[in-house]
Structures are given as C-alpha cells and as structure tokens.
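Notes for the structure review
Residue strings, one per chain:
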Amino acid sequence: MEIVVTGRNTEVQGRFRSHVEDKLAKIEQYAPYAQRVEVEVTHESNPSQVETSERIEITVRDKGPVVRAEASASDRFGALDLAAQKLFERLRRRHEKKKNRRKGERRDEVVQDLPVDELLAKPAPDEAAEPTLPSSVGEAVESQLGDSPAIVRQKLYEAKPMSVEQAIDEMELVGHPFYLFIDEETKQPCAAYRRRGWTYGVIRLNATTGEYGPAADE
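Read on for a plain summary of the structure. What you see is a predicted model, and the numbers here were worked out from it, not measured in a lab.

**Focus on the overall build of the chain**
Along the backbone of the chain there are four helices and nine strands. Written out in order from the N terminus, the α and β elements of the chain read β-α-α-β-β-β-α-β-β-α-β-β-β. Considering the chain as a whole, with its 218 residues, one finds that 33% of them fall into the buried category. Taking all contacts inside the chain whose residues are at least 6 apart in sequence as the whole, residues at least 24 apart take part in 43%. For the chain, the exposed area adds up to about 13,900 Å²; of that, 49% sits on carbon and sulfur atoms.

**Quick look at the pairing of strand β2 (residues 36-43)**
Bridge count between strand β1 (residues 2-8) and β2: seven bridges; the pairing is parallel. Its bridge partner lying in β2, Thr6 is registered against Glu40.

**Quick word on the nonpolar core**
Membership of the largest hydrophobic core comes to 27 residues, with the highest contact counts inside it found for Leu24, Ile27, Val39, Ile56 and Ile58. In terms of residue count, the dominant contributor to this core is helix α3 (residues 76-102) (seven residues). Discounting residues that sit within four places of it in the chain, Ile58 has contacts with Leu24, Val37, Glu38, Val39, Val67, Arg68, Ala69, Leu80, Ala83, Ala84 and Leu87. Among the nonpolar cores identified, the runner-up in size contains eleven residues, and Met162, Ile168, Phe181 and Val202 belong to it.

**Some remarks on the sheet that holds strand β9 (residues 200-204)**
Read from one edge to the other, the open sheet built from three strands follows the order β7-β8-β9, with strand pairing classed as antiparallel. Of all strands in the sheet, those bounded by a partner on one side alone are β7 (178-182) and β9. Looking at each pair of strands side by side, their axes are set apart by 25° on average, direction ignored. Alignment of strand β8 (residues 189-194) against β9, held across five bridges, turns out to be antiparallel. Residue pairing in the sheet places Ala191 in a bridge with Ile203 of β9.

**A look at the side chain of Ser53**
As for its position among the elements, Ser53 is in the loop between β2 and β3 (54-61). The contact partners of Ser53, leaving out residues within four places of it in the chain, are Thr42, His43, Glu44, Ala73 and Ser74.

**So, the environment of Ser74**
Looking at where Ser74 falls in the secondary structure, it is placed in the loop between β4 (67-73) and α3. Relative accessible area serves as the criterion here: at 44%, Ser74 is assigned to the partly exposed category. Along the backbone, Ser74 and Thr52 are 22 residues apart, and their C-alpha atoms lie at a distance of 5.0 Å. In contact with Ser74, not counting residues within four places along its chain, are Val50, Glu51, Ser53 and Glu54.

**Topic: the environment of Glu89**
Relative to the helices and strands, Glu89 is located in helix α3. Spatially, the C-alpha atoms of Glu89 and Leu173 are 9.6 Å apart, while their sequence positions differ by 84 residues. There is a polar contact of 2.5 Å between the side chain of Glu89 and the side chain of Arg92.

**Points about the sheet that holds β4**
Reading across the sheet, the four strands line up as β1-β2-β3-β4 and stay open at both edges, with mixed pairing between neighbours. Single-partner strands in this sheet number two, and they are β1 and β4. For this sheet the average axis-to-axis angle between neighbouring strands, irrespective of direction, equals 15°. Direction of pairing for β2 relative to β3: antiparallel, over a ladder of eight bridges. For His43, the partnering residue across the bridge sits in β3 and is Glu54. Against the sheet, helix α1 (residues 14-23) touches β1, β2 and β3, its axis set at about 140° to β1.

Cut-offs used in this document
- Residues numbered from 1 in each chain as written.
- Predicted model: local features only at pLDDT ≥ 70, side-chain atom pairs only at ≥ 80, totals over all residues.
- Heavy atoms only, no water.
- Helix = DSSP H or I, 4+ residues; strand = E, 2+ residues; numbered from the N terminus.
- Buried < 20%, exposed > 50% of the residue type's maximum accessible area, 1.4 Å probe, protein only.
- Contact = heavy atoms within 4.5 Å.
- Areas by Shrake-Rupley, 256 points an atom, 1.4 Å probe, with all protein chains shown as cover.
- Pairing = 2+ DSSP bridges.
- Core = buried A, V, L, I, M, F, W, Y, C linked by side-chain atoms within 4.5 Å.
- Axes fitted to C-alpha atoms, helices over the stretch in contact; angles between N-to-C directions.
- Polar contact = N/O pair within 3.5 Å; in protein donor to acceptor, adjacent residues only side chain to side chain.

Structure below.
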C-alpha cells in the first residue's frame, strides 16, 4: 500500500510524513486491497481561522469505491488524528455493510423527494486562481466569482454510471452530504442527499447525458 503525502500552501516535513505512515498503517486491516492512500495537508493563513488553520484530507483508493475523510484543527497532528478517526469508522462501516449484504439484510429506505433548497459546498481557500475549468480528472481549479470576493473551486471527477444504491454507498464512504452521479438506467444526471434519520433523497434532472454534447463544427 502506497501512502502519498502532499502539501497545499505549505511544506510537509519528514517527521510528519513518518507520523502519517505510522498512523495510517492499520488501514490495511480495514481495507486489505487498498492500493494507494493520498494525504493532502492544507494550511490556512487567515488569522481569523487559526483554530482550523491546518486541514487534512485522506483518500483511500482500492478496488472498491473511494473512501475519504477530512478534518481541521489548530495543528496538523491533531487534524490528522481527527481525520484518521473518521476514516477508520467509515472503513469499518463499509466492512459491516458487506457482511450484512452477504446475509441478505434489507437495504435502508431510499426516498425520491423534492430538491433541497441548497447543496452544501466545501469551503474554498482565500486565494483565487485564473478563471478556467479543470481539464483532467482529479484536477481542482479555483477562480473568483465576477467582482465579488467569493472564490469558486471546481474539481473534475470521472462520471461512471451507477445505481442509486451505489451512489448512496459512495456518498456515505466519502462523508459528503450529497453525491452527484449518472443513473445507469435512465442516464439522467442525479444528486443523492441525506434526509432525516436513515432516509435519503434523489434529485433528477429532466435530461440525459447524450443531449448536451459539444456543438458540431460549422
């Protein structure tokens, strides 16, 4: 299992890299087929955010769905502890779900519901980038929204058609309140999101992915 540590707006010293490797070594107990673990360390220089100035995002890539966890704290060692705790819990829950499916237990209720008022976005750093779009999978690009101080962070993901059940599983594994996907039956762009308790909602767009291709050359 390869562990890759990168810094964003900061340098990562060898002592911390060694600590990360020791801390995450037991990932193999929960995910024996994990091939790569990506750890991104981000430093926020804004003095008003000193209590959350260090953010750690951990991504586990194996043969199954991606599992991700993140946390912030005033120091990166504390942030790593919090993120690792979340990650291990999600890996454990995935393991339990696999066991339950083998036993034929019933899936949690999935509810088709009206759209939520808004989808929560991941906070973006203060620095702005040139207004452009990401061109490769996994690439993130930041740009300023017009003349406002708002910063928009865009990231390109690979869209593999899947079922509603698979989308909800992946949403839980990455720990997000919503998950964008393409329905494998209808080919519609969809968003799964959490509702109350163990119920979920699905927003569907009245379109299929083939309807909006690039314009033909004139």
